[in-house]
Structure formats: C-alpha cells, structure tokens
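# Descriptive analysis of the structure
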Amino acid sequence: MKNYLVRQKDILSEAEEKSLENLNIMIAGAGGLGTNQAVQFQRLGVNKIYLYDYDKVELSNLNRQICYGRNDVGRYKVDAAADFLNYFGLDTKIIPCRKKIKKNLDLPQDIDIIMDAFDNFPSRFILEELAVENNIPMVHGGIEGWFGQVMNIIPGRTVLLKDVFAGSENDKKPAVISPAVSIIANYQVVEAVKIVLEKSDILIDKLMLINVLTGEIEKIDIKR
Amino acid sequence: MSVKVKFYSLFKLNLKSSGIEYEINSPITASDLIKKLDEDFNGYFSEKLLEAGTITPGSIILINGQNIFHIDRLNSKINDGDTVTLFPPSAGG
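Residues numbered from 1 in each chain as written. Chains lettered and ligands numbered in written order. Predicted model: local features only at pLDDT ≥ 70, side-chain atom pairs only at ≥ 80, totals over all residues. Heavy atoms only, no water.

## Side note on the interface of chain B and chain A
Rule in force here: Contact criterion: two residues are considered in contact whenever any of their non-hydrogen atoms come within 4.5 Å of each other. A simple way to read buried area is as the amount of 1.4 Å-probe accessible surface that goes missing from two parts once joined, with both sides added. A pair is scored as a salt bridge if a Lys or Arg side-chain nitrogen falls within 4 Å of a carboxyl oxygen belonging to Asp or Glu.
Listed by partner, the interface residues are 24 residues for chain B and 34 residues for chain A. Across the chain B to chain A interface the summed buried area is about 2300 Å²; carbon plus sulfur atoms make up 57%. On the chain B side of the contact with chain A, B:S90, B:A91 and B:G93 bury the most area, a combined 27% of that side's loss. Remark: the boundary between chain B and chain A carries two salt bridges. We note a salt bridge from B:K12 to A:E216, for which the minimum N-O separation is 2.8 Å.

So, in structure tokens, the structure goes:
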C-alpha cells in the first residue's frame with residue numbers, strides 16, 4: 001500500500017486496496033465533472049488516469065472546473081489539469097489526451113472503466129458506443145442547476161444510456177454550480193469504485209436522481 | 001388499479017408535488033395523459049414536454065421505465081397499473 005493511503009486502510013480490504021492501486025481510469029471530458037473525478041481518483045490512489053479533452057480553459061469554466069485558475073485561461077485543459085494534479089507528487093500517472101472523442105477512436109487497451117464527464121448527450125452517446133465496442137463499463141453523470149443523475153452502463157448487463165435518454169439532445173447550455181457538480185462527480189466515482197470492487201449494491205438498471213438542494217436521492221427502475 | 005404518474009427533479013420542485021394517480025377505464029396514450037395532467041397542473045406539462053406537437057428535446061417520459069421514444073412516442077399506450085415517470089434530464093457537466 002502507498003504510504004499516503006494509510007487512512008483508507010480500515011475501509012478497504014487488502015485485495016480491494018490492490019484493485020484500486022491497479023486501476024486505470026478514462027475520464028472523458030476535463031470540465032466540471034471530469035476535474036472533480038480526477039482529483040478523487042488520484043486521492044484513491046489509482047494507477048493511471050487517461051484524461052481526454054481537446055478544449056482550452058475559458059474564464060467561464062472557473063466556477064466549477066477545479067483544476068484551473070485564471071493563469072490557465074487559454075491553455076489546453078488536459079495539460080493544465082495534468083500540471084495541477086502532478087503538483088501533489090502522488091503516484092497516480094496522469095496521461096493527458098488532447099483528443100476529441102469520436103466514433104471508432106482507438107482507446108488504450110488497459111482502461112478498466114470509463115467516466116462520462118461530458119456536458120451534452122450527443123457526445124455521451126458516442127462515448128457509450130466506444131464503451132460497448134470495447135466492453136468497458138461506463139459511469140454516466142449529468143448535472144443541471146441543483147439536479148443531477150448518475151447511471152451505470154455495463155455492456156451486456158445493463159440498460160444503455162441511449163435507451164433511457166433518447167430525445168435528450170438539445171442545444172441549451174445548462175446552468176451549473178460547483179457544489180452540485182462536485183456531488184454528482186463524487187457519486188460517479190463511488191459507483192465506479194463499487195463496480196471495480198464488485199460490491200453488491202451497484203446501480204443496475206436503475207437511474208439515480210439527486211436533488212442537491214433538498215438532499216433527496218431517488219432511484220428509478222429503467223429498462224430497454 | 002390506476003396509472004401512477006411520478007414527477008422528478010425540476011418538475012417536482014416547480015409543482016410542489018411528487019406525482020398524481022389517475023383511474024382509467026381503458027388504455028390511454030401518452031398524449032392523452034399530458035392532456036389530463038394539463039387540466040390538473042394548469043397547462044404545465046404541454047408547455048414543458050411538447051413542442052410543435054412532438055416531444056420537446058430534453059424531456060423524458062418513461063412508461064414502466066421505458067422511454068416512449070422506443071415505444072410509439074406520444075402514441076405509446078398506457079395501461080391500468082402502469083407507472084409513468086416524467087423528468088427533465090440534466091445534461092451539463
């Protein structure tokens with residue numbers, strides 16, 4: 001075990017700890033959800049984070065994208081995020097991938113789980129196709145105002161995002177606020193950990209709807 | 001038996017209601033349901049869910065957990081005992 005992980009020792013078994021230390025994550029999108037997820041996975045001590053984004057940091061990102069500051073405006077997000085995360089001197093390897101997620105994209109062969117950190121459904125549907133093609137579990141999260149949702153897509157086992165969210169594509173830029181973004185990102189990370197550790201209460205064919213303002217969390221049954 | 005309609009997220013917040021139940025004598029369509037809801041909620045649902053006679057992009061209507069896009073859209077049948085779920089999905093990140 002890495003010496004800086006000693007405080008999570010009593011929460012995870014030795015085998016679970018090992019699983020996390022060997023874990024390779026792909027985060028698709030280095031925005032609000034993605035930067036929060038990256039920080040959490042690094043603190044969990046995972047092996048590798050592939051961080052995908054082709055955009056540059058804009059001033060309007062700074063209300064929620066926690067790896068960036070004013071001095072990063074104009075830089076590629078993945079480069080700025082890698083610098084931010086590497087500053088901490090922890091062991092997780094951060095691999096910036098300045099690429100757009102598109103159909104038939106070749107993914108690294110050692111990815112264990114894909115984190116949806118996009119801000120629109122058309123991109124999510126493409127990401128889901130990649131997850132299914134490569135048989136890699138994906139954890140979806142979305143946020144708008146004080147509301148968000150989380151759902152697991154396990155190829156061959158669960159309902160797909162395109163089943164539930166068909167018709168969700170629109171051109172609106174949703175309002176987003178940092179604490180709500182962080183909460184959804186963190187629930188996604190927890191679901192990813194549960195999938196990897198094969199916990200019994202994984203979200204399977206269930207959509208978790210979260211009202212951050214009231215603290216209500218509801219799980220609804222979904223099907224194809 | 002009845003049809004249970006459940007509201008989530010912004011719909012629940014705006015309407016201060018988590019849902020409503022309707023007794024039905026025969027199957028109705030999703031369109032019929034929206035008309036019923038409009039009567040009880042002052043036209044709220046056709047404003048939120050419909051645009052030029054079709055489903056507004058960015059609205060989710062599930063019948064027993066299945067998106068009506070994959071059934072017969074607004075003509076999808078709702079039967080006695082069904083649960084209909086309505087919510088605006090959160091798209092941002």
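## Describing the packing of aromatic side chains
The description of an aromatic ring pair uses the distance of the two centres, along with the angle that the planes make with each other. Heads up, the condition is: Pairing of aromatic rings covers Phe, Tyr and the six-membered ring of Trp, with a centre-to-centre limit of 6.5 Å; geometry is then stacked below 30 degrees between planes, edge-to-face above 60, and tilted otherwise. Per the convention used, a helix needs a DSSP run of H or I reaching at least four residues, while a strand needs a run of E reaching at least two, with both numbered from the N terminus. Burial classes follow relative accessibility: with a 1.4 Å probe on protein chains only, a residue under 20% of its type's maximum area counts as buried, one over 50% as exposed, and anything between as partly exposed. Geometrically, a charge over a ring is one whose NZ (Lys) or CZ (Arg) sits within 6 Å of the ring centre while staying within 35 degrees of the ring normal.
Applying the stated criterion across every chain, the model contains 11 aromatic pairs over all chains. Relative to A:F88, the ring of A:Y87 has its centre 5.7 Å away and its plane inclined at 75 degrees; by these criteria the two rings are edge-to-face. Here the aromatic rings of B:F11 and B:F45 are separated by 5.7 Å at their centres, their planes lie at 80 degrees, and the arrangement is edge-to-face. With B:F11 in helix α1 (residues 9–15) and B:F45 in helix α3 (residues 44–49), this pair connects stretches of sequence that are 34 residues apart. Neither residue differs from the other here; B:F11 and B:F45 are each classed as buried. By the ring-pair criterion, three or more aromatic residues cluster together here, those being B:F7, B:F11, B:F41, B:Y44 and B:F45. It is A:R43 that lies over the ring of A:F88; its NZ or CZ is 4.6 Å from the centre. Geometry around B:Y22 places B:K36 over its ring, the cationic atom sitting 5.3 Å from the centre.

## Quick notes on the sheet that holds strand β6 (residues 60–63) of chain B
Residue and element names in this part refer to chain B. Here is the rule: By definition, two strands form a pair when at least two bridges between them are found by DSSP. Between N-to-C directions, angles span 0 to 180 degrees; the directions come from axes that are lines fitted to C-alpha atoms, helices contributing only their stretch in contact.
Here we have five strands laid out as an open sheet, ordered β2-β1-β9-β6-β7, and mixed in their pairing. Looking along the sheet, the strands with just one partner apiece sit at the ends: β2 (19–22) and β7 (66–67). With four bridges joining them, strand β1 (residues 3–7) and β2 adopt antiparallel strand pairing. Residue pairing for β2: K4 is matched across the bridge by E21. Here helix α2 (residues 30–40) sits on the sheet and contacts β1, β2, β6 and β9 (83–87); the angle it forms with β2, its principal contact strand, is near 115 degrees.

## Re helix α3 (residues 77–86) of chain A
Of the residues making up α3(A), those classed as buried are A:K77, A:V78, A:A80, A:A81, A:A82 and A:L85. In this fold, the buried residues of α3(A) make contact with α2 (32–44), β2 (48–52) and β3 (93–97) of chain A.

## Observations concerning the pattern of salt bridges
Residues and elements named next belong to chain A. Scanning all chains against the criterion turns up 13 salt bridges over all chains. Among the salt bridges present, the one from R75 reaches D83, with a minimum N-O distance of 2.5 Å. With a closest N to O distance of 3.9 Å, K103 and E129 form a salt bridge. Of this pair, K103 sits in the loop between β3 and β4 (113–116) while E129 sits in helix α4 (residues 121–133), and the two are 26 residues apart along the sequence. A relative accessible area of 51% means that K103 is categorised as exposed. Connected through salt bridges with shared partners, the residues D72, R75 and D83 form a single ionic network.

## Topic: the environment of A:M138
All names here are of chain A. When you line up the elements, M138 lands in strand β5 (residues 138–144). For M138 and I222, which are 84 residues apart along the polypeptide, the C-alpha to C-alpha distance reads 16 Å. M138 has contacts with I114, D116, R124, L127, E128, A131, M151, N152, I153 and L161, leaving out every residue within four places of it along the chain.

## Here we look at unusual backbone geometry
All names here are of chain B. Of note, S9 is a non-glycine position whose phi angle comes to about 55 degrees, a positive value. Relative to the helices and strands, S9 resides in helix α1. Judged by relative accessible area, S9 falls into the buried class, the value being 11%. The residue K16 is not glycine, and still its phi comes out positive at about 50 degrees. Structurally, the position occupied by K16 is in the loop between α1 and β2. K16 gets classed as exposed once you look at its relative accessible area, which sits at 75%.

## Overview of the sheet that holds β3(A)
All names here are of chain A. The eight strands lie next to each other as β3-β2-β1-β4-β5-β6-β7-β8, forming an open sheet whose pairing is mixed. This sheet does not close on itself; its edge strands, each paired only once, are β3 and β8 (216–221). Along the sheet, successive strands turn relative to each other by an average axial angle of 20 degrees, direction set aside. The pairing of strand β1 (residues 24–28) with β4 spans four bridges and is classified as parallel. Looking at the pairing, I25 lines up with I113 of β4. Along the sheet, α3 makes contact with β2 and β3, crossing β3 at roughly 170 degrees.

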